[in-house]
Amino acid sequence: MTVRVIEGGLGDGTPPGLLVHGAAEVATLHGLPEDPVVEFTAVMERMRQLRARLSSNDSAHRFRELGVDVFFGQGRFLNGSQVEVGGAKLTFRRAVIATGSRAVAPAIPGLDSIDHLNHESLFSLTQLPRRLAVIGAGPIGCEMAQAFQQFGSHVTLLESTPGILTREDRDAAAIVQDAMEHDGVRVRCNVRELAIATKHEGAEHGAVQHGTAQHGDGVLIRGVSQSQSWEAVADRILVAAGRAANVEGLGLDSADVAYGSKGIQVNDRLQTTNPRIYAAGDVCSVFPFTHAADAMARVVIQNALFWGRKRASALLIPWCTYTTPELAHVGLSQAVAESRGVGIDVYQEHFAECDRAVLDGEEAGFVRVLCRRGTDQILGVTIVGANAGDLIGECHAQIETCVALAETRRGPAPFALLHCLADKESDRLLPPCTPVGNGLRIRSHHLSGNLLQRGIIADLREPPISKATKSSTPPMPRSADRQSSQVTRNGINTPVIATPAGTPVCLIEKNSPRRSRGECRLRMSAAVGLGMP
């Protein structure tokens, strides 16, 4: 099998996290008796050195050593089985389109007349802009706005929608916005009638009220927010307001590959309308993340080369915005669950309630867990707070492996923040045991938490049953002697059993979430040890 890669350019490949992490470290130093002076040139030089160190992972030399033929140039489909690049015609049995996406600039009057930045050209800066305007309050816009503010720029963040990070829960995004404004970022939302002019043009139209000399060189930005007109001056403008799939010049029509404004059309196996051609990454995905493109590429490899039947819809894609605090999410959100008619129970714990977060001084934020209504099956998690990007990875693994919420805290952990929060939730979710007449009422529940581990059975065994007294333990009542009824909890009828006083009972529902065979044996042996047949 021959593998050939066609690359139109070397690309930048700079992880924005490098710059964000450096800015966050600088931010922790503020508040000292003398605020440190940031050498922005040195920061960017270090970033370029790290980028060069990492570039070998994606170099043409590495792929050639692996046996891949690499061609540089603009590739173009001639038909459904041939590609042309640099005058060479290549015939293929399977092809993959992974051309990615690019930043696009919105139609703002005056924007085309200035040298604005995007998320790629931003990393070529060698001098820190004194005043920076960021258009677009998505993940990249928020990350860069806060990073440059922490480096020492005066940043204005502009967004046309009512709030920042529109994909996220409003209260979670509000915590990030509050932190950005506390750092000094000026956030303007609901921006309308945005226009850009050079200082000279603004002065001619009477837009600059204090004179050009006072503001120095730069561009004038005018707009309307909340029915009020405003003006701002910036030395550089970063546009982070959208992306477009790279589909131009590929000859897709010649290969019978359908595409549109949102990219290439694919099915659940990532096949295009030409079954011999696949697509992966930003060119066909609604998730513009590197890790999402990697996961889609693995689906393509299995389906295109090994007759697999992997589905892209089965991928669970987490994401994180690396602001301070970080905001991460995986699975369903409340808004999506409501739009799909999925019944959910919402459990939330604030970082301020966790000792670890208080000691670290990272009290802002919360963990929100969405479970299927009446169960502890985790459907989605939102975390806003310190290290949310690391914590969401554990939540992703729990959803993928069907670990229930009450099972999150299984065994000791070295002062782990996520376990600290999950422990409180699992304790709060356990079913209560209350006296009913001369017996005990135990609510059977879908929760798969280990009742023995959580101490529920121990509460029923006071005093403990010894071998000497085990023979005198009253036998379990026959079915006819048991009083059964139902209670309503969260709109679901739940069975209730009343037994004679002093008789311990461990009741497990038949339709509880799937458990391993070992877990079932453990539970049943615990129940038998308590006198349950």
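The shown structure was predicted, so the numbers you read here are calculated from the model rather than taken from an experiment.

(A) Broad picture of the overall build of the protein. Along the backbone of the protein there are 16 helices and 27 strands. The buried share among the 533 residues of the protein stands at 42%. The long-range share in the protein, meaning contacts at least 24 apart out of those at least 6 apart in sequence, stands at 63%.

(B) Representation of the sheet that holds strand β14 (residues 236-239). Strand order in the open sheet formed by 4 strands is β10-β9-β8-β14, with parallel pairing between adjacent strands. Every other strand in the sheet has two partners, leaving β10 (186-188) and β14 as the edge strands with one partner each. Within this sheet the neighbouring strands show an average axis-to-axis angle of 20 degrees, counted without direction. Examined bridge by bridge, strand β8 (residues 131-135) and strand β9 (residues 154-158) share 5 bridges and lie parallel to one another. When the sheet's bridge partners are listed, R131 is paired in β9 with H154. Helix-sheet contacts for helix α4 (residues 139-151) involve β8, β9 and β14, and the interaxial angle to β9 is about 165 degrees.

(C) Up close: the packing of α4 against helix α5 (residues 170-183). Axis separation between α4 and α5 bottoms out at 9 Å; the angle between their running directions is 25 degrees. What the angle tells us is that α4 and α5 run roughly parallel. Note on packing geometry: the crossing formed by α4 with α5 is left-handed. Two secondary-structure elements touch here, α4 through C142, A145, Q146, Q149 and Q150 and α5 through A179, M180 and D183.

(D) Layout of the pattern of salt bridges. This model, assessed by the stated rule, comprises 10 salt bridges. The partner of D169 in a salt bridge is R368, with the nearest N and O atoms 3.0 Å apart. Of this pair, D169 sits in the loop between β9 and α5 while R368 sits in strand β22 (residues 366-372), placing them 199 residues apart in sequence. Judged by relative accessible area, R368 falls into the buried class, the value being 4%. One salt bridge in this structure joins R356 and D360, with 2.8 Å as the shortest N-O distance. Pair noted here: R356 and D360 are both in helix α10 (residues 355-360), with a separation of 4 residues, about one helical turn.

(E) Just unusual backbone geometry, in detail. The omega angle of the peptide bond from T324 to P325 is 5 degrees, so this bond is cis rather than trans. For S227, which is not a glycine, the phi torsion comes out positive at approximately 65 degrees. Even without being a glycine, W307 presents a positive backbone phi close to 55 degrees. Along the chain, the position of W307 falls in the loop between α8 (290-305) and β19 (319-321).

(F) View of the packing of aromatic side chains. In the structure shown here, the tally under the stated rule is 7 aromatic pairs. Aromatic pair F40 and F151: ring centres 5.7 Å apart, planes at 75 degrees, arrangement edge-to-face. Of the two residues, F40 is situated in helix α2 (residues 40-54) and F151 in helix α4; the sequence distance between them amounts to 111 residues. Each of the two residues, F40 as well as F151, counts as buried. Geometrically, the ring pair formed by F289 and W319 is stacked, given 6.0 Å between the ring centres and 20 degrees between the ring planes. Of this pair, F289 sits in the loop between β18 (277-279) and α8 while W319 sits in strand β19; the two residues are 30 residues apart in sequence, bridging distant segments of the chain. Residues F289 and W319 agree in their burial class; the two are buried. By way of ring pairs, the aromatic residues F40, F148 and F151 are connected into one cluster.

(G) Highlighting the environment of S121. Residue placement: S121 occurs in the loop between β7 (101-103) and β8. Put simply, S121 and L238 are 117 residues apart on the chain and 9.2 Å apart in space, counted from C-alpha to C-alpha.

(H) Region of the structure containing the nonpolar core. The biggest cluster of nonpolar side chains holds 31 residues, and the ones touching the most others in it are L122, F148, L157, I164 and M180. Breaking this core down by element, the ones donating at least two residues are α2, β8, α4, β9 and α5. If near-sequence neighbours (up to four positions away) are discounted, L157 is found in contact with V134, G136, A137, G141, C142, A145, I164, M180, V185, R186, V187 and R188. Listed in part, the 23 residues of the second largest apolar core include A245, A255, I277 and A279.

(I) α5, seen in detail. Taking 1.5 Å as the rise per residue, α5 with 14 residues should run 20 Å; its terminal C-alpha atoms sit 20 Å apart, in good agreement. The complete set of buried residues in α5 reads A172, A173, I175, V176, Q177, A179 and M180. Positive phi appears at G184, one or two residues downstream of α5, with a value of about 120 degrees.

(J) Up close: the sheet that holds β22. Taken in spatial order, the 5 strands line up as β19-β20-β23-β22-β21 in an open sheet, and their pairing is antiparallel. Only two strands of the sheet have a single partner each, and these edge strands are β19 and β21 (344-350). For this sheet, the mean angle separating the axes of adjacent strands, direction not counted, is 10 degrees. In terms of strand pairing, β22 meets strand β23 (residues 378-385) through 6 bridges, oriented antiparallel. Note on β23: the bridge partner recorded for R368 is T382. On top of the sheet, helix α11 (residues 388-400) reaches β19, β20 (326-331) and β23; it is set at about 175 degrees to β23, its chief contact.

(K) Structural view of α11. Taking 1.5 Å per residue, 13 residues should reach 18 Å; α11 reaches 18 Å between its end C-alpha atoms and fits that length. Of all the positions in α11, only A388, G389, L391, I392, C395, H396, Q398 and I399 are classed as buried. Down the axis of α11, the smallest arc covering the buried residues is 160 degrees, so these residues share one side. Following α11 by one or two positions, C402 has its phi on the positive side, about 60 degrees.

(L) Just the environment of A179, in detail. Take A179: it is sitting in helix α5. Of the residues examined, A179 reaches a relative accessible area of 17% and is grouped as buried. A C-alpha to C-alpha distance of 7.3 Å links A179 and P325, two positions 146 residues apart in sequence. Ignoring sequence-local partners within four residues, the contact set of A179 consists of Q146, T324 and P325.

Rules behind the numbers
Within any chain, residue numbers begin from 1 and follow the written order of that chain's sequence. Under the rules for a predicted model, residues below a pLDDT of 70 receive no local features and side-chain atom pairs below 80 are neither given nor counted, while totals for whole chains, interfaces and linings still include all residues. Just so you know, side-chain values use all the structure's heavy atoms and leave hydrogens and water out. Strands here mean DSSP runs of E at least two residues long; helices mean DSSP runs of H or I at least four residues long; both are numbered from the N terminus. Per-residue accessibility, obtained with a 1.4 Å probe over protein chains only, is compared with the maximum for each type, and a residue is labelled buried under 20%, exposed over 50%, and partly exposed between these values. For this analysis, residues touch if any pair of their heavy atoms sits within 4.5 Å. Following DSSP output, two strands are said to pair if at least two bridges run between them. Note on definitions: angles span 0 to 180 degrees between N-to-C directions of axes, and those axes are lines fitted to C-alpha atoms, for helices only across the stretch in contact. Note on terminology: angles under 35 degrees are roughly parallel, angles over 145 are roughly antiparallel, angles of 65 to 115 are roughly perpendicular, and the others are oblique. Less than a right angle of anticlockwise turn of the near helix away from the far helix marks a crossing as left-handed, whereas a clockwise turn marks it as right-handed. By salt bridge we mean one thing: a side-chain nitrogen of Lys or Arg within 4 Å of a carboxyl oxygen of Asp or Glu. Stacked, tilted and edge-to-face pairs are distinguished by plane angle, under 30 degrees for stacked and over 60 for edge-to-face with tilted covering the rest, among Phe, Tyr and Trp rings (Trp via its six-membered ring) whose centres lie within 6.5 Å. Throughout, nonpolar core names a set of buried Ala, Val, Leu, Ile, Met, Phe, Trp, Tyr and Cys residues whose side chains join them through atoms within 4.5 Å. Residue count minus one, scaled by 1.5 Å, sets the expected span of a helix. Starting at the helix axis, one direction is taken to each C-beta atom, and the arc is that of these directions.

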